[in-house]
Amino acid sequence: MQAMILDRPGQLLQHRSVAAPIPGPGQILVKVSACGVCRTDLHVVDGELTEPRLPIIPGHEIVGRVEARGEGIQHFALGDRVGIPWLGHTCARCFFCRTQQENLCDAPLFTGYQINGGYAEYTVAEAAYCFPLPENYPDLGAAPLLCAGLIGYRALRMAGEAGKLGIYGFGAAAHIVAQVAQFEGRSVFAFTRPGDRKAQAFASDLGASWVGGSDERPDTDLDAAIIFAPVGALVPRALQGLRKGGIVVLGGIHMSEIPAMPYRLLWGERIVRSVANLTRKDAADFLTMAGRIPIRTQVVPYALADANVALSHLRAGQLTGAAVLLPEH
Ligand SMILES: [Zn+2]
Ligand SMILES: [Zn+2]
């Protein structure tokens, strides 16, 4: 099969022909039809995430069809469409797994990080961590649901009941969360890079109540803010715009250093918290909801062989929406 492979962080992915994987017990072989490109992939490729199993095939927003089944698979049939997310395996034994917090598992394996992912024609996954996808999404449009959507959804849940919700960094995750938030009756305040008119127009199109640069402030205090941009300097800035008791949720897996700030920004029971990974319950809840809304995902398709181009466009902030790789079968 054709695959895009990371041999060493800091290098380009290598386009190679390798043997297709074989599913073991509890696993399914999936023929990939689309795989989203997530900012986390960029952190893996650039070496900001330091525990990849190398060489690795990145990609954890995988849509495909079951091509073969290992022993003991009951709930997926050959040909079924499945989605494969970031969470690929948990230990089922640690404190976190035993207390419904498998997203914090002490010994997890993540797709496209320790388990080969979807930048390939085929991939193998543990069936217990795969999900059926809502039928009203084509393969291309469903791919961004699997991380941008899922992690965004978990971040939104962490923001509590916030009626006035700020979103910093208006990319793949934000464009999905903004639609879910509005579906739930919330108002969205979209903060982009200063002067990024394209991202601001995109946020307006998606119904944001207020749109501006991260150096601007709406004339009302917000109940919560989610920061998707990997920029630590946004944390004090987001706190500044928050009412007492408000929450800042950090939605990325990596962030530049958070600068020192005066305690008064946190005073008044304001909260800063991160969101780590996902649980399978998050996935089931979100995908059910996504089927009902439905979300308009904006995707920019690339051929599998152009994965490096997609990553460089994401790195440069040139994407409006979500990049998705398409293997050419
Ligand atoms: Zn565990
Ligand atoms: Zn991701």
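Residues numbered from 1 in each chain as written. Chains lettered and ligands numbered in written order. Predicted model: local features only at pLDDT ≥ 70, side-chain atom pairs only at ≥ 80, totals over all residues. Heavy atoms only, no water.

Visitor: Describe the coordination of the zinc ion (ligand 1), naming the residues involved and giving the relevant values.
Guide: Protein ligation of the zinc ion (ligand 1) involves Cys-91 (SG), Cys-94 (SG), Cys-97 (SG) and Cys-105 (SG), the donor distances falling in the range 2.3 to 2.4 Å. Each of the 4 donor atoms around the zinc ion (ligand 1) contributes to a set of angles spanning 102 to 120°, which defines the coordination as tetrahedral. The sequence pattern formed by the donor residues of the zinc ion (ligand 1) is C-x2-C-x2-C-x7-C. By relative accessible area, which is 13% here, Cys-91 ends up buried. (Donors = N, O, S within 2.8 Å, 3.2 Å for Na, K, Ca; no water. Tetrahedral: all angles 85-135°; square planar, octahedral: opposite > 155°, others 65-115°. Buried < 20%, exposed > 50% of the residue type's maximum accessible area, 1.4 Å probe, protein only.)

Visitor: Describe the pairing of strand S9 (residues 164-168), with residues and values.
Guide: Across the 5 residues that make up S9, a large majority, 4, are buried. As defined by bridge partners, S9 adjoins strand S10 (residues 187-192) across 5 bridges and the pair is classed as parallel. The partner of Ile-167 across the bridge, within S10, is Ala-190. With respect to chirality, the unit in which S9 leads through helix H5 (residues 172-183) into the neighbouring parallel S10 is right-handed. Inspection of the sheet shows S9 paired to strand S12 (residues 222-227) by 4 bridges, in the parallel sense. Paired with Leu-165 across the two strands is Ala-224, which belongs to S12. (Helix = DSSP H or I, 4+ residues; strand = E, 2+ residues; numbered from the N terminus. Pairing = 2+ DSSP bridges. Right-handed = clockwise from strand over helix to strand, strands pointing away.)

Visitor: So, the pairing of S10: which residues are in play, and what are the values?
Guide: When you tally the buried positions in S10, you get 5 out of 6 residues, the bulk of the element. Relative to strand S11 (residues 210-213), S10 runs parallel, the two sharing 4 bridges. Among the inter-strand pairings, Phe-189 is bridged to a residue of S11, identified as Trp-210. Regarding the hand of the β-α-β motif, the stretch spanning S10, helix H6 (residues 197-205) and S11 is right-handed.

Visitor: Provide a residue-level description of the coordination of the zinc ion (ligand 2), including the pertinent values.
Guide: The protein atoms that coordinate the zinc ion (ligand 2) are Cys-38 (SG), His-60 (NE2) and Cys-147 (SG), at distances spanning 2.0 to 2.2 Å. Classification of His-60 as buried rests on a relative accessible area of 0%. Cys-147 sits in the buried class, given a relative accessible area of 7%.

Visitor: Report on empty space enclosed by the protein, specifying residues and quantitative values.
Guide: Overall, the coordinates contain 2 cavities of 30 Å³ or more when judged by the stated rule. Every residue along the wall of the largest cavity is listed here: Ile-84, Gly-88, Thr-111, Ile-115, Asn-116, Thr-123, Val-124, Ala-125, Glu-126, Tyr-129 and Cys-130. A total of 4 residues in the lining of the largest cavity trace back to one element, the largest contributor, which is strand S8 (residues 122-126). Of the residues contributing to the lining of the largest cavity, the split by class is 6 nonpolar, 4 polar and 1 charged. Of the voids in this model, the second largest cavity is the one considered here, and its volume is about 30 Å³. Contributing to the lining of the second largest cavity are Tyr-168, Phe-191, Arg-217, Pro-218, Thr-220, Leu-222 and Gly-241. Tallied by class, residues from the lining of the second largest cavity come to 4 nonpolar, 2 polar and 1 charged. (1 Å grid on protein atoms, 1.4 Å probe; cavity = no way out; pocket = protein on both sides within 12 Å on 5 of 7 lines; lining within 4 Å. Points joined across faces, edges and corners; volume = space filled by probe spheres on them. Nonpolar A, V, L, I, M, F, W, Y, C, P; charged D, E, K, R; others polar.)

Visitor: How would you sum up the pattern of salt bridges? Please name residues and give values.
Guide: Enumeration over the complete set of coordinates arrives at 10 salt bridges. Linking Arg-65 and Asp-139 is a salt bridge whose minimum nitrogen-to-oxygen distance equals 3.0 Å. Pair noted here: Arg-65 is in strand S4 (residues 62-69) and Asp-139 is in helix H3 (residues 139-142), with a separation of 74 residues, a long-range link. Relative accessible area serves as the criterion here: at 34%, Arg-65 is assigned to the partly exposed category. Two residues, Arg-186 and Glu-184, come together in a salt bridge whose shortest N-O distance is 3.0 Å. (Salt bridge = Lys/Arg side-chain N within 4 Å of Asp/Glu carboxyl O.)

Visitor: Requested: an account of H5, with residues and values cited.
Guide: Here H5 contains 12 residues, and its C-alpha end-to-end distance of 17 Å stays within 8% of the 16 Å for a straight helix at 1.5 Å per residue. Most of H5 is tucked away, with 9 of its 12 residues classed as buried. Every buried residue of H5 is accounted for by Ala-173, Ala-174, His-175, Ile-176, Val-177, Ala-178, Gln-179, Val-180 and Ala-181. Buried-residue contacts for H5 involve helix H4 (148-158), S9, S10, H6, S12 and helix H8 (280-292). (Expected span 1.5 Å × (residues − 1). Contact = heavy atoms within 4.5 Å.)

Visitor: Quick one: what's the story with unusual backbone geometry, residue by residue and with numbers?
Guide: Residues Leu-54 and Pro-55 are joined by a peptide bond in cis, for which omega reads -10°. Locating Pro-55 in the fold gives a position in the loop between helix H1 (39-45) and S4. One non-glycine residue, Ala-92, adopts positive backbone phi at about 70°. By secondary structure assignment, the location of Ala-92 is in the loop between strand S6 (87-89) and helix H2 (95-98). Phi is positive for Gln-100, which is not a glycine, with a value near 55°. By the secondary structure assignment, Gln-100 is in the loop between H2 and strand S7 (109-110).

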